[in-house]
Amino acid sequence: MTWSEMQPLLEQACTETVVMVGWSTLIAVVGGLPLGILLVLTDKGGLLQNTVVNKVIGQIVNVGRSLPFIILMVALMNFTRWVTGTTIGSEAAIVPLAIGGIPFFARLVETAVREVDHGLVEAVQAMGGNTWTIVRKVLVPEALPSLIASTTTTIIALIGYSAMAGTVGGGGLGDLAVRYGYQRFETGLMWITVAILAVVISLIQFAGDFAARALHRRGARSGPGPRLRLLKGEEPATAEVGKVA
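Now for a description of the structure that goes with this document. (Residues numbered from 1 in each chain as written. Predicted model: local features only at pLDDT ≥ 70, side-chain atom pairs only at ≥ 80, totals over all residues. Heavy atoms only, no water.)

As for the packing of aromatic side chains
Here's step 1: In total, this model carries three aromatic pairs according to the counting rule given.
Here's step 2: Taken together, a centroid distance of 4.9 Å and an interplanar angle of 5° make the contact between F69 and Y161 stacked. With a gap of 92 residues between them, F69 in helix α3 (residues 69-75) and Y161 in helix α7 (residues 131-165) connect regions that are remote in the sequence. (Phe/Tyr/Trp six-rings, centres within 6.5 Å; stacked < 30°, edge-to-face > 60°. Helix = DSSP H or I, 4+ residues; strand = E, 2+ residues; numbered from the N terminus.)

In structure tokens:
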């Protein structure tokens, strides 16, 4: 197969992979972020401590993570057909990719949020901040570098899942490698596909690491923002007490 014959196939496969991974990552982040935070909040000693809710959510996440992706795709075929009207193609592959990505990202979010200094949470509570304020002003901002790294890990995992989806007609680079590289013995095309995936994953990892380090350095230079704001907020009250005395 010549390059002129490979090029349109590669362009279409790359587009399908970008669409699959892009949409599934967005859904995984939107669904996994609140789940991960809720796992922390409802845990023992959490702001919304609730053992039953925590165990139920934890078990759902564990089941979702334990299923091999190929089995998850087969198990969700009826649901995928109900959502998209088909079980073949990149649009159909988005459904199991997103559902598989949500529990994966949720556990990463849980780990990232647990690393936040509990002293900041206690300080905001002492100032009368509610749970939503603590999540929005402390937990998410302080865990942001780790959340960026978690998103990077999720994107790379979903790229691997999308390649696996190609084995059952999911489209993308995995489908191209199977149909042409394996079934038609076009080894040159298969190795080009492998090279593209390797380069893309390396670039995504580099970009994610760079963003996470930049945010971490920025936070280190500016110091713990919530704590500084709280201390500044306490100064007028202290001065007022002095005047009264």
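Some words on empty space enclosed by the protein
Here's step 1: In total, this model carries one cavity of 30 Å³ or more according to the counting rule given.
Here's step 2: One number sums up the size of the largest cavity: a volume of about 90 Å³.
Here's step 3: Surrounding the largest cavity, M73, M77, T80, T87, G89, A92, A93, P96, V168 and G170 form its lining.
Here's step 4: Those elements that place two or more of their residues in the lining of the largest cavity are α4 (77-84) and α5 (90-114).
Here's step 5: Looking at side-chain class alone, the lining of the largest cavity contains six nonpolar, four polar and no charged residues. (1 Å grid on protein atoms, 1.4 Å probe; cavity = no way out; pocket = protein on both sides within 12 Å on 5 of 7 lines; lining within 4 Å. Points joined across faces, edges and corners; volume = space filled by probe spheres on them. Nonpolar A, V, L, I, M, F, W, Y, C, P; charged D, E, K, R; others polar.)

Notes on the packing of helix α1 (residues 3-41) against helix α8 (residues 172-182)
Here's step 1: Relative orientation of the contacting elements α1 and α8 amounts to 140°, with a least axis distance of 6 Å. Between α1 and α8, the angle is such that the two are oblique. For the pair α1 and α8, contact is made by L9, L10, A13, C14, E16, T17 and M20 and by G172, L173, L176 and Y180, respectively.
Here's step 2: Within the contact of α1 with α8, the residues separate by chemical class into eight nonpolar, two polar and one charged. (Axes fitted to C-alpha atoms, helices over the stretch in contact; angles between N-to-C directions. Parallel < 35°, antiparallel > 145°, perpendicular 65-115°, else oblique. Contact = heavy atoms within 4.5 Å.)

Notes on the layout of surface pockets
Here's step 1: If you add up the space inside the second largest pocket, you get close to 240 Å³.
Here's step 2: Taken together, 14 residues make up the lining of the second largest pocket; nearest its centre are V40, G45, G46, V113 and H118.
Here's step 3: Secondary-structure elements contributing two or more residues to the lining of the second largest pocket are α1, α5, α6 (118-126) and α7.
Here's step 4: The residue makeup of the lining of the second largest pocket, split by class, is eight nonpolar, three polar and three charged.

Regarding the pattern of salt bridges
Side-chain pairs of opposite charge can arise whenever the charged atoms involved come near each other.
Here's step 1: According to the stated counting rule, one finds four salt bridges in the structure shown.
Here's step 2: Ionic pairing is found between R107 and E110, a salt bridge with its closest N-O pair at 2.6 Å. Remark: E110 and R107 occur in helix α5; sequence separation between them is three residues, near one turn of the helix. Of the two residues examined, R107 and E110, each falls in the buried class.
Here's step 3: Across the salt bridge formed by R114 and E110, the nearest N and O atoms sit 2.8 Å from each other. Of this pair, R114 and E110 both sit in helix α5, four residues apart, which is roughly one turn of that helix.
Here's step 4: Looking at R114, the relative accessible area reads 40%, which means it is partly exposed.
Here's step 5: Members of the salt-bridge network, linked through shared partners, are D43, R107, E110 and R114. (Salt bridge = Lys/Arg side-chain N within 4 Å of Asp/Glu carboxyl O. Buried < 20%, exposed > 50% of the residue type's maximum accessible area, 1.4 Å probe, protein only.)

With respect to the packing of α1 against α5
Geometrically, a packed helix pair is captured by the angle between its two axes and the distance between the axes.
Here's step 1: At a minimum axis distance of 5 Å, the contact between α1 and α5 shows a crossing angle of 35°. Crossing angle aside, the handedness with which α1 passes α5 is right-handed.
Here's step 2: Its residues assigned to classes, the contact of α1 with α5 shows 20 nonpolar, six polar and four charged. (Left-handed = near helix turned anticlockwise from the far one by under 90°.)

Looking at the nonpolar core
Here's step 1: Of all hydrophobic cores here, the largest spans 20 residues; its most connected members are F69, L97, L176 and L189.
Here's step 2: Listing elements by their share of this core, those giving two or more residues are α1, α3, α5, α7, α8 and α9 (187-222).
Here's step 3: With five residues, α1 is the largest single contributor of residues to this core.
Here's step 4: Those residues in contact with L189 that lie beyond four places of it in its chain are M1, M6, L10, L176 and Y180.
Here's step 5: Counting residues in each nonpolar core, the second largest holds 17 residues, with I37, V40, V109 and A112 among its members. (Core = buried A, V, L, I, M, F, W, Y, C linked by side-chain atoms within 4.5 Å.)

Observations concerning α5
Here's step 1: Taking 1.5 Å as the rise per residue, α5 with 25 residues should run 36 Å; its terminal C-alpha atoms sit 35 Å apart, in good agreement.
Here's step 2: Taken across its 25 residues, α5 has 19 buried, putting it largely inside the fold. (Expected span 1.5 Å × (residues − 1).)

Let's talk about helix α2 (residues 51-66)
Here's step 1: With 16 residues, α2 should reach 22 Å at 1.5 Å per residue; the first-to-last C-alpha distance of 22 Å fits that figure.
Here's step 2: Every buried residue belonging to α2 is among N54, I57, G58 and V61, and all of these are buried. What you see down the axis of α2 is that its buried residues fit within an arc of 100°, all on one side. Every exposed residue of α2 that faces more than 90 degrees away from the buried side is listed here: V52, K55, Q59, I60 and S66.
Here's step 3: On its buried face, α2 is in contact with α1 and α5.
Here's step 4: By the N-cap criterion, in which a side-chain oxygen at the helix start approaches the backbone nitrogen of a residue two or three places on, α2 is capped by N50, the distance to V52 being 3.3 Å. (Arc of directions from axis to C-beta. Polar contact = N/O pair within 3.5 Å; in protein donor to acceptor, adjacent residues only side chain to side chain.)

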